Every structure is written in structure tokens, then in C-alpha cells.
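Commentary on secondary and tertiary structure
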Amino acid sequence: MSAHAAEAADLIDHGHAGDDGHGHDELVENNYMKVPNVKLAIWTFLGSECMFFGSLIATYFFYLDKSIGGLLPKEVFSIGITSISTFILLTSSFTMAMAVDTAKSGLMSKSRNWLLITALCGATFVGFQVYEFWHFVHLGLTLQTSLFGSTFYVMTGFHGAHVSVGVIWLLMVAKLVHSGKIPAERAVFVESAGLYWHFVDIVWIVIFTFVYLLEFAK
Amino acid sequence: MSAKLHDIEALQAPEPHMHYERPGKTGLMDWLTTVDHKKVGVVYWAAGAFFLLVGGLEALLFRIQLAVPDNDFMGGETFNGLVTMHATTMVFLAIMPMTAGFANFLVPLLIGARDVAFPRLNAWSLWTFLGGALVINASFLFGGPPAAGWTGYAPLTGPEFGGTGIDFWWSGLALLSASSMAASINFIVTILNMRAPGMTLLRVPVLGWMMLVIQFLLALSFPPVTVGLILLGFDRMFGTTFYNVSMGGDPQLWQHLFWLFGHPEVYVLILPAMGIVSEILPVFARRPLFGQTAVIFSGIFIGFVGFGVWAHHMFTAGMGPVADAAFAATTAIIAIPTGVKIFNWLGTLWGGKMTYPTPMLFAIAFIPIFTLGGLSGLMHAAAPLDLQQHDSYFVVAHFHYVLVGGALLGLFAGTYFYFPKVTGRMMSDGLGKAHFWLFLIGMNITFFPQHMLGNEGMPRRIYTYPADAQWDLYNMLGTIGVIIMTVAMLIFVYNVIVSVKKGAIAGRDPWDAATLEWLTESPPKVQNFDFTPIVLSERPVWDHKYTEGMEIIAPEKGESFHMPSYSWKPMISSGFVLMLIIGILLNTFMPGNWLWIVAALAAVGVVGSVWAWVSEPV
Ligand code: HEM
Ligand SMILES: [Cu+2]
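Below, the discussion takes up the overall build of chain B. Counting its regular elements, chain B contains 17 helices and two strands. In summary, chain B has a C-alpha radius of gyration of 24 Å against a globular reference of 25 Å for 618 residues, a match within 12%. In terms of its C-alpha atoms, chain B occupies a principal-axis envelope of roughly 75 × 60 × 50 Å. For chain B, buried positions account for 62% of its 618 residues. Taken as two groups, the 28 positive and 36 negative side-chain charges of chain B have centres that lie 10 Å from each other.

The following block contains the structure:
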């Protein structure tokens, strides 16, 4: 057998040809990268998101200490309160990991519960952020006040929007798990939501460390 | 060249069993609810071609204004609007969508797949793109077009100077950006994960590779400009201070965010054309592409370095000598992989048994014309020289050589080459050649003299010039060239329309080509391939025909597979995203709570339609 014929025979043997995917949007998934389509898509999306938040955070630092007038970060930040909301968000990464883990082991109703707890933590975090914004506005820092006001609200606001999207996403996944549309074999859909959730969490850790904590280390 | 061992037409497989969740549709419904990558591709291409004509018309108008000195055919404001819309249209609504047309139609065929990874998301990208195109052009009807240049420099776009057109511009671009990012994710997954068995990465055709590289460029370069656009929108809607100098804002922030996107973007425009040329030259020179791997790797290298050169557009912005020197150096480096490709193409032609049908003419012309544009680019890579050339017609000449002489010639080549695959019919070669020669002559008459104009000091974006500047001749030539190109384009449009109906019937493989797309019928069936081909080289169809022991073998039993069903969800959810933009535009004309009401409804609509989307059977 020539080398080519051998290669062809090998490919046919391994059942590569004619694989019909697993319903939903995946067609023929030859799975070259050893990663399911959805998961690869989420990874790519997160790469894109890195550039998005990278640009927002870079803008914040580009304008740091360049405000003309207006309140300064140190005059509005309350590390205590933000630490609590940060802690809640971090906890949600743990509960998310549990949701993925249980889904992979086929414990679907447990997974659904973990998803709901995660969504609840996320919603609480957003609630804290709404309070924080409200509080800052009352102190006198608005979107229009200064470069600090503009950059701070837009950067953290877009992060909050991402958390909110994540909460909706988790609720949808929880519903699909509950109705049996995401069975154990499709745990990758839970896992994908998890990837996004952890990413949003990491972005917050970056913001909390460099925007909030560093302000007090100076 | 040896005789054919096997014929592609003779390769028949038993009828496959296809499984759909929902029944088929016909007529208009078929197009509105389609998730077929081929139909999506055709709509992208047609929309791109349409906007190519619109952008051309805009150029024709402002070239009439510039034909003679001290002309009063139009005023400065109209001129600025037309130039801005011309460039925005050509980049985002003509070249990118035509490229997307090729990507959609061809990528699954090139890699032996039945569709893209996420067919409904693909349709969503299409509708969102059309929404963005609509929004940008709607500015003509409501308050006039944007007039700040396609680069939208702050503070020209700010609340103080930018008219209502800017709101259409930034929000329309934001839609296009969402569309491109979704598409890029889709195609990265498709090319990486859905290749036919045996198609290792290095067996992916060069065109497939270039499409892969540009998806990474899109995925990573659109976010910065999206942030830039959002900040602009916030400045205009809510009075934030991002680009407001009196509040300490720095207009250079926009320039960085824009060019961090803008330079990768120029490679998004050119790499697919390079891919097309790399597919066509070997077919009509009857030789494999010289150094295929080098062509692929230089494309990847261009993609990487393309992210490190953006500030060569800002040499005059006062970044300081260190930054200027660094960006001059990276810019010079990027010319190296470009040169590598040029030598590969020449090496392919060297000693080939050449024939010259229309696609080959365009592909050959691409090489020297694009090279001229590359050379002028290399000249203003030198920061001190660029201080002289920046914002002059020399730069205008540069980017028209690379965009018209490069990207557009490549897309024309691809159109003539793949037309038979898409429609099942050939385009007229005679009319094609008329189009080719007129267009080539017209573009050189218009753009070559602009090098001289630039060196003589004519700035870009001025709506008229005095007679004693002595720029008359070159400007008159510019206008004459545009008229010649217009005639060429009319011939092209006529050719496309007539050939769709009356062109000679093309078989599966009219050009005796080498890659998998020519294995399918013309036009390909919904499922593309009746059986999953097994790929053993980078030239599977060529080897089937000409290499002993390498034929593609059809299975004895019909394959069964699942095909994606028709769906309204992509269009509906894209419509709700468009609704958000409409809220923003309402805010421009009727400030108040409109924005929040419409935005809230749109958000509910998006969530609802996404829920419907994920719950429907595919
Ligand atoms: C050898 C490769 C290239 C080099 C070294 C190069 C270099 C440059 C430089 C330094 C500028 C800034 C000039 C100025 O504003 O003063 C420029 C402008 C430009 N280039 Fe290139 N370029 C190259 C290839 C390309 C390609 C392939 C494209 C598009 C397909 C392109 C499109 C443009 C455009 C659109 C502008 C003008 C943007 C504007 O200000 O409106 N270039 N190029
Ligand atoms: Cu550039």
C-alpha cells in the first residue's frame, strides 16, 4: 500500500467521514482542534473581549490623573463595600465551577441549582454596582464631571453590562438544563457559559486591583 | 502536462440522506430565512457590488468638482460629505462585503465542509451588516451625510463640529463591527474545526489561509475601534469628556484606537485578494504555486506585525522621536513578507504554460500595480519623508494603488474565476477583457498623477484649488480616468447581469483547477458534497485528475447527515439590535427619554429572540 492509500484507509477507519455532528448549530464537526465548536467559539470571543476591555482599561490609565477639577478616585472609592461585592463575584466563580462539574458528571438538577446560585451572585454584584454609581453621583461625580468620571463609569459600566448579560445567559442555560434540552452529553454548553463567566470575573479582578487598590497603595 | 486520468464530472456518488428539522422554503422566503452559506455569500457579494457602484458615483461627483480649478460645482460641505461617504462606503460596504461574499461562499467548499460552524449566526452577521449599511446611508435623507473624513478624527466628530451625520456614521459602524466580530468567530471555528478528513492545516488552500488570518485580524482589531466609537457616542449623547480638549481630553486617543484597528483593517482588505490571486495564477500557469508554504507563512507574519505598525499614520501627530523610529522600523519590516509573496507569484509564472482568460489578466495585473502601492507605502514608512507626504495626494495615490490596484483587482479576478461555480455559467470573456483594459487604464490615469500632485504639495480633502497652483493637468487627468473606470464598471455590471441568464454553461471544473470547490456541482447543491471527500494533498482535485493512485473515491453507500434548517431568528434578533441604533438616532433629533424607552424595548426584544433562537430545533 502506498503512503497515500494508507493515509486514506486510516482516515476512513477512524470514522471521520460522514460524522453528523450533534444537532444544533454544529454540522460536521471533525474536531480538528480537539475542542468542540461552541467552546472554540467562546475562546475566540474571549480573545476579542480581551481587546475590548484592554482598550477600555487602557483609556482609563491614559487619562489617569489628567482630570481637570472634579472628585478624585480616593475621594469616592469605598474599598470596604467594593471588597464585599468583589468577594461575592469571586464566590460565583466557585459556584460556576461546581455547575460545570456536576453537569459533566450528569447531575443535571444539581447543576441547575449551582447555575441559579451563580446567577444570584452575579445579580447581587450588579446591585452593588448600581448602589455604588448612585452613591458616587450623589457625592458629585457624574459622567460629565471630569475625565475620571467619564472613564470610570464607562469602563465599570461596560463590565457591569457584561455581568448582566452573563446573568441572563446563566438563567437561560439553567432553564435549558431544567427542561432537559441540555443533558449531560451537552454539558459543553454549561462549560461555555462558565468560560464567559470566569472571564468576566477575571476582568473585574484586574479592575479592582489596578483601579481601586492601587489608588490606595500610591 | 500529462493527460487526464480521471474526469471530475464522472465522479458520482449515491444520493445522500439529508435530515432537516423544518421543511424547505422557496422564493423570497428562501432568501430571508436562509442559513445556507452560499446564499449568504451571494447576498454579501451583491450588496458589496451595489455599494461599489454607489461609492463610485460619489467619487465621480467629487472628481467633477476637482476637474478644473476654482470650480463651484459643489460647496465644501457637500464635498466633505461625499469624500467621507466614498471612503466609508468603499472600505466597509464594498470591499469588505465582497470579500465576505467570497469567504462565505468559498470557505466551506475550500475545506470540504457542508456549511459554516454556526449557520444561523452567519445569517445574523449578514442582516446586521445590511442594517449598518442602511443606517450609514440613511444619513443622506436625514440631516446630511457625515463629513469628518472616513478616519473620523476628533474633534471634527465631536458634539461641537460634527453634524447629525456623525451619529449615523458611528452607530452604523458599530453595527458593522458587531457583524464582523460575529462572522470572524464563526469562520475561525469553521476553518479550524470543520476541515474534511485529511486536510491538515498546511493542506488548506492559500485562499482559505488568508481568510483565516483576516478573521483573527477582525476579531482582535475591531474591539479597539468599537471602544473608540462608543466613547465618541457617549461624548455626543451624554456629554462625556473623552475627546473634549477643554476638559483635558486628548484627540490622539481616538487616533490610537482608530489606527490600532485601521492598519490591521488594510490587511483585511488586501489578504483575501492575495489569496484569490494565489489560487488563480497556478491554474492558468499550469504549475503549482511556487513556495505555497512561504506564501502562507508570510501571510501569518503580516497578520502579526500588522498589529505593531498603526502609529505610522500618526508621524505628524507629535508622538516624539522614539515612537516615530519604532513605528518606522516595524513598518519597514512588514514590507518583507509582502515582498516574499510577490516573488512567489513571479516564481509561479516563471516557465508556466500560460493562458490569459479574464481572471488571469486581473490576477497578473494585480502583481505590478499592487507592488507600486507597496513601494509608495514603504516610502512614507520613513518618518521624515512622511512629514512631507502626510495628508497630501501622495498618500491618496498610495492607498488607491493598494486598494483599487490591489484589493479590487483581486476581487474582480475572483469574480470572473468563481462566477461559474456560483451561477453555473461563464461570464463573457470578451466583455471581461474590455472591462479589464478600460479599468486598468482608467485607474492608472487617475491615480498615477496623484503621486506627482502630492509631491507638488496638493493636500488631500480640499474641495477646490486656485488656478495658479498649476495642478490643473493632473486633476483633469484624474477626472478623465474616473470616467473611463465608470464605463468599465458599466460593462462589468452588464456582463454580470447577462451572464447569470445567458452565459455558457459551466461544468463542475471549467478551469481545470486544483482545489476541492471544483469537485462540487456548479452551482453546488445545498449539501455541497454528496460525500465527505478525503484529502491527501494540497491539490486534491488536481491529483484526482492527473496523479496515479491519488484519485478521490466515492463511497458505495449514500451518506446520511444533518443539515441546518431555515430560520427567521437571525433576522429578528438582528432587527432588535438595529432598533437600539434607531433609538440612538431618535435621540439625535428628539433628545429626551426616547432613547431609554426604545433601548429598553430593544433589549427585551434581543433577549426574547435569543431565547427563541436557542430553543428552536435546528
Ligand atoms: C508595503 C506595505 C505598506 C506600507 C509600508 C504602508 C505604509 C503606509 C503609511 C506609512 C501610511 C501613512 C501615510 C500618511 O498618512 O502619511 C499609509 C497610509 C495608508 N495605507 Fe498603506 N502601507 C502599506 C500597504 C498598504 C495596503 C496593503 C493597504 C490596503 C490594502 C494600505 C492602505 C493604506 C491606507 C488606506 C492609507 C491611508 C489612510 C488614511 O489616512 O486615510 N497600505 N500606508
Ligand atoms: Cu497603515
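Moving on, we come to the overall build of chain A. Of the regular secondary structure elements, chain A holds seven helices and zero strands. Element order for chain A, N to C, with α for helix and β for strand: α-α-α-α-α-α-α. In chain A, which comprises 218 residues, the share counted as buried stands at 47%. Taking contacts inside chain A between residues at least 6 apart in sequence as the whole, the part at least 24 apart equals 77%. If you sum the accessible surface of chain A, you get close to 9600 Å²; carbon and sulfur atoms cover 70% of it.

Residue and element names in this part refer to chain B. The end-to-end C-alpha distance of helix H16 (residues 569–589), which contains 21 residues, comes to 31 Å, matching closely the 30 Å that a straight helix rising 1.5 Å per residue would cover. Restricting attention to buried positions, one finds in H16 the residues Pro570, Ser573, Ser574, Ile581, Gly583, Ile584, Leu585 and Asn587. Against the buried residues of H16 lie helix H4 (119–138), helix H5 (165–193), helix H6 (206–238) and helix H17 (594–615).

All right, on to the packing of aromatic side chains then. For the structure on display, the rule yields 62 aromatic pairs over all chains. A centroid spacing of 6.3 Å and a plane angle of 5° characterise the contact between Phe142 of chain B and Phe168 of chain B, whose relative ring orientation is stacked. With a gap of 26 residues between them, Phe142 of chain B in the loop between H4 and H5 and Phe168 of chain B in helix H5 connect regions that are remote in the sequence. Centre to centre, the rings of Phe417 of chain B and Trp511 of chain B are 5.9 Å apart; their planes meet at 15°, and the pair counts as stacked. Of this pair, Phe417 of chain B sits in helix H12 (residues 393–423) while Trp511 of chain B sits in the loop between helix H14 (472–502) and helix H15 (540–546), and the two are 94 residues apart along the sequence. Given a relative accessible area of 1%, Phe417 of chain B falls into the buried group. Trp511 of chain B gets classed as buried once you look at its relative accessible area, which sits at 14%. One aromatic cluster in this structure is built from Tyr60, Phe61, Phe77, Phe125, Phe133, Phe136, Phe148, Phe152, Tyr153, Trp204, Phe208 and Tyr212 of chain A. Above the ring of Trp31 of chain B, the side-chain terminus of Lys39 of chain B is found at 5.9 Å from the ring centroid. Here Arg114 of chain B stacks its cationic end above the ring of Phe561 of chain B, 3.5 Å away from the centre of that ring.

A word on the coordination of the iron atom of ligand 1. Residue and element names in this part refer to chain B. One donor from the polypeptide reaches the iron atom of ligand 1: His398 (NE2), at 2.1 Å. A gap of 4.5 Å separates the iron atom of ligand 1 and the copper ion (ligand 2). Within the secondary structure, His398 is located in helix H12.

Attention shifts here to the coordination of the copper ion (ligand 2). Here the copper ion (ligand 2) is held by the protein donor atoms His263 of chain B (ND1), His312 of chain B (NE2) and His313 of chain B (NE2), which lie 1.9 to 2.1 Å from it. Along the chain, the residues that donate to the copper ion (ligand 2) are spaced as H-x48-H-H.

Attention now moves to the interface of chain B and chain A. Listed as interface residues are 60 residues of chain B and, on the opposing side, 52 residues of chain A. Scanning the region where chain B abuts chain A turns up eight residue pairs in polar contact (both at pLDDT 80 or more). Every element with two or more residues in the side of chain B that touches chain A is listed here: H4, H5, H6, helix H7 (252–285), strand E2 (560–562) and H17 of chain B. With 10 residues, the single largest contributor to the side of chain B that touches chain A is H6 of chain B. Among the residues making up the side of chain B that touches chain A, the classes are represented as 39 nonpolar, 13 polar and eight charged.

On the secondary structure map, Ser392 of chain B appears in the loop between helix H11 (383–389) and H12. The class for Ser392 of chain B is buried, based on a relative accessible area of 4%.

Take the pattern of salt bridges next. Residues and elements named next belong to chain B. Applying the stated criterion across every chain yields a total of 19 salt bridges over all chains. Note that Arg508 is salt-bridged to Glu9, the shortest N-O span being 3.8 Å. Here Arg508, found in the loop between H14 and H15, pairs with Glu9, found in the segment before strand E1 (17–19); they are 499 residues apart in sequence, far enough to count as distant. Of the residues examined, Glu9 reaches a relative accessible area of 37% and is grouped as partly exposed.

Further remarks concern the site of ligand 1. All names here are of chain B. Taken together, 22 residues lie near ligand 1, and Trp150, Asp386, His390, His398 and Arg460 sit nearest. Contact between ligand 1 and Asp386: an oxygen atom at 2.4 Å from a side-chain N or O atom of the residue. For the shell around ligand 1, the secondary structure elements donating two or more residues are H7, helix H10 (358–381) and H12. By residue number, the principal contributor to the shell around ligand 1 is H10, which donates six residues. Residue composition of the shell around ligand 1, grouped by class: 11 nonpolar, nine polar and two charged.

Turning our eyes to something else, we now look at the domain arrangement of chain B. Residue and element names in this part refer to chain B. In terms of domain boundaries, chain B breaks down into domain 1 (47–564) and domain 2 (569–618). Each of domain 1 and domain 2 was reduced to a C-alpha centroid, and the two centroids are 30 Å apart. Taken together, the contacts link 19 residues of domain 1 with 17 residues of domain 2. With both sides pooled, the region where domain 1 packs onto domain 2 buries about 1700 Å², and carbon together with sulfur makes up 78% of that total. Of all residues in domain 1, the largest losses of buried area upon contact with domain 2 belong to Arg120, Trp124 and Trp127, amounting jointly to 37% of the total for that side. One can count one salt bridge joining domain 1 with domain 2. The salt bridge partner of Glu616 is Arg120, with a shortest N-O separation of 2.8 Å. Across the contact surface, domain 1 and domain 2 share five residue pairs in polar contact (both at pLDDT 80 or more). For the side of domain 1 that touches domain 2, the elements supplying multiple residues, two or more each, are H4, H5 and H6. Among the elements that make up the side of domain 1 that touches domain 2, the one with the highest residue count is H4 (eight residues). Residue composition of the side of domain 1 that touches domain 2, by class: 12 nonpolar, five polar and two charged.

Here the focus is the confidence of the model for chain A. Residues and elements named next belong to chain A. Taken as a whole, chain A shows an average pLDDT of 90; of its residues, 89% reach a score of 70 or greater. Confidence scores differ between elements of chain A, with helix H1 (residues 3–13) showing the lowest mean pLDDT of 69 and helix H6 (residues 147–178) the highest of 98. Note that residues 15–28 has pLDDT below 50 and, in this model, 43 contacts with residues that lie over four places away or in other chains.

Residue and element names in this part refer to chain B. Along the chain, the position of Gly405 falls in helix H12. Among the residues examined, Gly405 registers a relative accessible area of 0% and is labelled buried. Spatially, the C-alpha atoms of Gly405 and Met98 are 16 Å apart, while their sequence positions differ by 307 residues. With sequence-adjacent residues up to four places away left out, Gly405 is seen in contact with Phe366, Ile369, Phe370, His400 and Met443.

It is worth spelling out a nonpolar patch on the surface at this point. Taken together, the side chains of Phe140, Leu141, Phe142, Phe589, Met590 and Trp594 of chain B present a nonpolar region at the surface, about 630 Å² in accessible area. Tracing the backbone shows Trp594 of chain B in helix H17.

Residue and element names in this part refer to chain A. Topologically, Cys50 is positioned in helix H2 (residues 37–62). Judged by its relative accessible area of 46%, Cys50 is partly exposed. Taking the C-alpha atoms as reference points, Cys50 and Val203, separated by 153 residues in sequence, lie 8.6 Å from one another.

The rules behind these values
Residues numbered from 1 in each chain as written. Chains lettered and ligands numbered in written order. Predicted model: local features only at pLDDT ≥ 70, side-chain atom pairs only at ≥ 80, totals over all residues. Heavy atoms only, no water. Helix = DSSP H or I, 4+ residues; strand = E, 2+ residues; numbered from the N terminus. Rg over C-alpha atoms; globule rule 2.2 N^0.38 Å. Buried < 20%, exposed > 50% of the residue type's maximum accessible area, 1.4 Å probe, protein only. Lys, Arg positive; Asp, Glu negative; His and termini not counted. Charge placed at Lys NZ, Arg CZ, Asp CG, Glu CD. Contact = heavy atoms within 4.5 Å. Areas by Shrake-Rupley, 256 points an atom, 1.4 Å probe, with all protein chains shown as cover. Expected span 1.5 Å × (residues − 1). Phe/Tyr/Trp six-rings, centres within 6.5 Å; stacked < 30°, edge-to-face > 60°. Lys NZ or Arg CZ within 6 Å of the ring centre and 35° of its normal. Donors = N, O, S within 2.8 Å, 3.2 Å for Na, K, Ca; no water. Polar contact = N/O pair within 3.5 Å; in protein donor to acceptor, adjacent residues only side chain to side chain. Nonpolar A, V, L, I, M, F, W, Y, C, P; charged D, E, K, R; others polar. Salt bridge = Lys/Arg side-chain N within 4 Å of Asp/Glu carboxyl O. Near = heavy atom within 4 Å. Domains from an automatic or database assignment. Buried area = accessible area lost by both parts, 1.4 Å probe. pLDDT = per-residue confidence, 0-100. Patch = residues over 30% accessible without salt bridge, like charges linked within 9 Å, V, L, I, M, F, W, Y side chains within 5 Å.

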